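Chain residues, written in single-letter form:
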Amino acid sequence: MKRMPFKRPTEDYDRRLLELDERLCGLLGERKRIAGTEPGFPPAADLSAWAKASDLQEDYVNALFSFLMTDDEDYRPAIEPEGYRRMLVMSQSVVAGDTVFTLSAIRQYDNASVITLLGDDEPVPCELPWGERDRWFRCELHVEGPHRVRFDGGGSSNHSLMWRYVVTPALPDEAPGQRLVFRPYRFKRGEGPAKGEEIAFIR
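Now for a quick tour of the structure. Here the structure is a predicted model, which is why all the values come from computation and not from measurement.

### Side note on the environment of Glu73
By secondary structure assignment, the location of Glu73 is in the loop between α3 (58–67) and β1 (84–96). As a C-alpha pair, Glu73 and Arg148 span 75 residues in sequence and 9.2 Å in three-dimensional space. Contact partners of Glu73, with chain neighbours within four places excluded, come to Lys32 and Arg148.

What follows is the structure, given as structure tokens:
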């Protein structure tokens with residue numbers, strides 16, 4: 001789904017906030033540099049104390065730090081693949097638990113590569129509530145080199161799944177030994193999403 005362009009919600013602004021807001025953005029950048037991709041979430045007791053000391057509603061502070069768990073890379077303008085060139089055949093499969101993951105090919109474009117990961121496993125009993133099913137939730141793709149990866153959607157049925165990723169800039173057509181590493185999350189029964197093992201494909 002393409003992101004709608006942002007529209008400033010109001011023209012009103014108290015210029016006395018300018019310096020404070022600039023410092024606030026600086027603090028967010030510093031927090032990003034320290035936390036990296038694992039910002040976590042502050043303990044409830046600390047959040048409660050900060051809210052009280054700052055005369056803020058606790059739920060407001062909770063909502064703020066919930067938002068800070070997102071990655072600002074998710075807001076980077078999406079590059080859409082353009083100028084299809086060729087298909088790189090991979091035809092590799094990796095077994096993880098009861099699931100066979102397959103990377104059949106990489107679609108090459110002028111400005112990006114598109115990677116589709118397929119999975120096939122044993123059907124989950126339909127009578128189990130969704131929260132109790134032990135199923136793959138989603139994979140993060142990590143690519144060696146100066147590349148950015150965007151999850152571009154997917155889906156699953158009771159015995160198969162498909163996830164699609166856009167990699168920019170495009171992967172080189174020839175890159176012997178380059179690793180494409182998928183780090184999956186799966187729903188553990190009664191526990192929610194949990195990290196699984198790495199799944200690596202080597203070009």
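### Quick look at the packing of aromatic side chains
Taken as a whole and assessed by the stated rule, the structure comprises 7 aromatic pairs. The interplanar angle of 65 degrees and the centroid separation of 5.6 Å between the aromatic rings of Phe151 and Tyr165 together place this pair among those described as edge-to-face. Separated by 14 residues along the polypeptide, Phe151 in strand β5 (residues 148–156) and Tyr165 in strand β6 (residues 160–168) bring together distant segments of the chain. For Tyr165, a relative accessible area of 1% gives the class buried. Pairwise contacts between aromatic rings join Phe151, Tyr165, Phe182 and Phe201 into one cluster.

### So, the sheet that holds β6
Taken together, the 5 strands give an open sheet; going across it, the order is β1-β2-β3-β6-β5, and neighbouring strands pair in antiparallel fashion. A single partner strand is all that each edge strand has here, and the edge strands are β1 and β5. In this sheet, adjacent strand axes meet at a mean angle of 15 degrees when their direction is disregarded. The pairing of β1 with strand β2 (residues 99–109) spans 10 bridges and is antiparallel. Within the sheet, the bridge partner assigned to Ser93 lies in β2 and is Thr102.

Each value, and the rule that gives it
- Residues numbered from 1 in each chain as written.
- Predicted model: local features only at pLDDT ≥ 70, side-chain atom pairs only at ≥ 80, totals over all residues.
- Heavy atoms only, no water.
- Helix = DSSP H or I, 4+ residues; strand = E, 2+ residues; numbered from the N terminus.
- Contact = heavy atoms within 4.5 Å.
- Phe/Tyr/Trp six-rings, centres within 6.5 Å; stacked < 30°, edge-to-face > 60°.
- Buried < 20%, exposed > 50% of the residue type's maximum accessible area, 1.4 Å probe, protein only.
- Pairing = 2+ DSSP bridges.
- Axes fitted to C-alpha atoms, helices over the stretch in contact; angles between N-to-C directions.

These figures come from the coordinates and say nothing about function on their own.
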